[in-house]
Amino acid sequence: MNNENVTTVNELFLLGFPGLGGFRFFLFILILSLCTVAVFLDVMIIILVSTRESLQSPMYLFLRNFLFSEMCSVMVIVPNMLRIIWKDGATISVTGCIAQSYLFVSSGTTECYFLTAMSYDRYLAICKPLHYNSIMGHTLQYFIVLFCWMLGFLLTLITLGFLALLKFCDRYIIDHYFCDLAPFIDIACSDTSGLQIDTFVLSVPMVAIPFLLTVVSYVCISVVILRMPSIGSRKKAFSTCSTHLLVVSIFFGAGLINYFTPVRGRSVAINKMLSVIFTVVTPLFSPIIYSLRNQDMRTVIVSYIRWQK
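These figures come from a predicted structure and were not determined experimentally.

Things to note about the overall build of the protein
For step 1, the next point in the chain: If you tally the helices and strands in the protein, you get 10 helices and three strands.
For step 2, the next point in the chain: Along its sequence from the N terminus, the protein presents helices and strands in the succession β-α-α-β-α-α-α-β-α-α-α-α-α.
For step 3, the next point in the chain: Radius of gyration (C-alpha) of the protein: 21 Å, near the 19 Å computed for a compact globule of 309 residues.
For step 4, the next point in the chain: C-alpha atoms of the protein, sized along the principal axes, occupy 75 × 45 × 35 Å.
For step 5, the next point in the chain: Residues classed as buried in the protein amount to 45% of the 309 residues present.

Considerations on a nonpolar patch on the surface
For step 1, the next point in the chain: Together, Phe-25, Ile-29, Leu-32 and Trp-86 make up an exposed nonpolar region whose accessible area comes to about 400 Å².
For step 2, the next point in the chain: The dominant element in the nonpolar patch, judged by the number of residues it contributes, is helix α1 (residues 23–51), at three residues.

Observations concerning the pattern of salt bridges
For step 1, the next point in the chain: Taken as a whole and assessed by the stated rule, the structure comprises two salt bridges.
For step 2, the next point in the chain: One salt bridge in this structure joins Asp-121 and Arg-122, with 2.7 Å as the shortest N-O distance. Taken as a pair, Asp-121 and Arg-122 share a single burial class, namely buried.

Examining the packing of helix α5 (residues 138–164) against helix α7 (residues 193–226)
For step 1, the next point in the chain: Two elements in contact, α5 and α7, have axes separated by 10 Å at closest approach and are oriented at 170°. Classed by the angle they form, the pair α5 and α7 counts as roughly antiparallel. On α7, the residues touching Leu-155, Thr-156, Ile-158, Thr-159, Phe-162 and Leu-163 of α5 are Gly-194, Leu-195, Asp-198, Leu-202, Pro-205 and Met-206.
For step 2, the next point in the chain: Residues belonging to the contact of α5 with α7 are distributed by class as follows: eight nonpolar, three polar and one charged.

Remarks on the sheet that holds strand β1 (residues 11–14)
For step 1, the next point in the chain: If you walk across this open sheet you meet the three strands as β2-β1-β3, and the pairing is mixed. Sheet topology places β2 (90–93) and β3 (173–174) at the edges, where each strand pairs with a single neighbour.
For step 2, the next point in the chain: Contacts between helix α2 (residues 58–87) and the sheet are confined to β1 and β2, with β2 contributing the most and set at about 145° to the helix.
For step 3, the next point in the chain: Against the sheet, helix α3 (residues 94–127) touches β1, β2 and β3, its axis set at about 85° to β2.

Conventions and cut-offs
- Think of each chain on its own: its residues are numbered from 1, step by step along the sequence as written.
- Two thresholds apply to this predicted model, a pLDDT of at least 70 for residue-level local features and 80 or more for giving and counting side-chain atom pairs, whereas whole-chain, interface and lining totals are computed over all residues.
- For the side-chain quantities, the full set of heavy atoms in the structure was used; hydrogens and water were omitted.
- Each helix is a run of H or I in the DSSP string that is no shorter than four residues. Each strand is a run of E no shorter than two, and both are numbered from the N terminus.
- The size measure is the radius of gyration over C-alpha atoms, and the globule rule it meets is 2.2 Å times the number of residues to the 0.38 power.
- Per-residue accessibility, obtained with a 1.4 Å probe over protein chains only, is compared with the maximum for each type, and a residue is labelled buried under 20%, exposed over 50%, and partly exposed between these values.
- Each patch groups residues whose relative accessible area exceeds 30% and which form no salt bridge, using 9 Å between like charges and 5 Å between nonpolar side chains of Val, Leu, Ile, Met, Phe, Trp and Tyr.
- Values of accessible area rely on a 1.4 Å probe in the Shrake-Rupley scheme; residue burial ignores everything except the protein chains shown.
- Criterion for a salt bridge: a side-chain nitrogen of Lys or Arg within 4 Å of a carboxyl oxygen of Asp or Glu.
- To obtain each axis, a line is fitted to C-alpha atoms, and for helices this fit is confined to the stretch in contact; angles are then taken between N-to-C directions over 0 to 180 degrees.
- Working definition: roughly parallel below 35 degrees, roughly antiparallel above 145 degrees, roughly perpendicular at 65 to 115 degrees, and oblique for all remaining angles.
- Contacts are residue-level and defined by heavy atoms, with any inter-residue pair within 4.5 Å sufficient.
- Residue classes follow a fixed rule: Ala, Val, Leu, Ile, Met, Phe, Trp, Tyr, Cys and Pro count as nonpolar, while Asp, Glu, Lys and Arg count as charged, and any other residue, Gly among them, counts as polar.
- Here the rule is simple: two strands pair whenever DSSP picks up at least two bridges between them.

Distances and angles like these do not, on their own, reveal function.
Listed below in structure tokens is the structure:
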């Protein structure tokens, strides 16, 4: 392409959800309500886990960080999403779009790592109970937390570098409600082959390895549980990891369907709907599930409500 005859644009237009008509206000209120509830529950659980002595185990340390990274992911997407819905589309600077892509991918990767850390914690608690305290000491706990945050944001710096090199010319409309990588790359007029290779290669340490480690952990857990002599022991062991297993299934299931299934033959509307489920609905499930299905959390919440009365 002859760069001398090309005008580089510095603003992009996010199309959002065109053609909503009168449904636009309803969608705005719905998304706002879901986001508000999700953030409120995340903050409530983070505060409870941070202040209650009965919730000071490694599992809840990882949970607190997972919910915080999930909340960061929501706050990166939803406020601008609401602006786009309200205005029926809105502009965003190329720099802002790059920042949104980087922060969304980084926080999502960090969530994957914390889910894997929680799976490893459950593996140690059930498969190696006699060695749990000696292995999962304070040093290892805080090393895992630091490792998850640093790796989640450092790995994606490579992607950030490629994104910063992108140029946008005559095609400046993104048919989406946020700067997701695929539609963002599609409208670039510069060479994107390096970025496409980068995203493919980094998907291994960012998604594939955490997912496989989580699966392996639960396969080992299942084998140990099935070998337990009594039904009561099996139920007790399963109850300690069932909540986390449900969250893992929802998170990875929604992510795999949204990003790792063939997009050919899927309409833009379906792609947006799957993205809404992953970016707005899925983050609501995690705090609800931990609030309602986790016995320790239920006990603390009930005691807090009674204390308030």
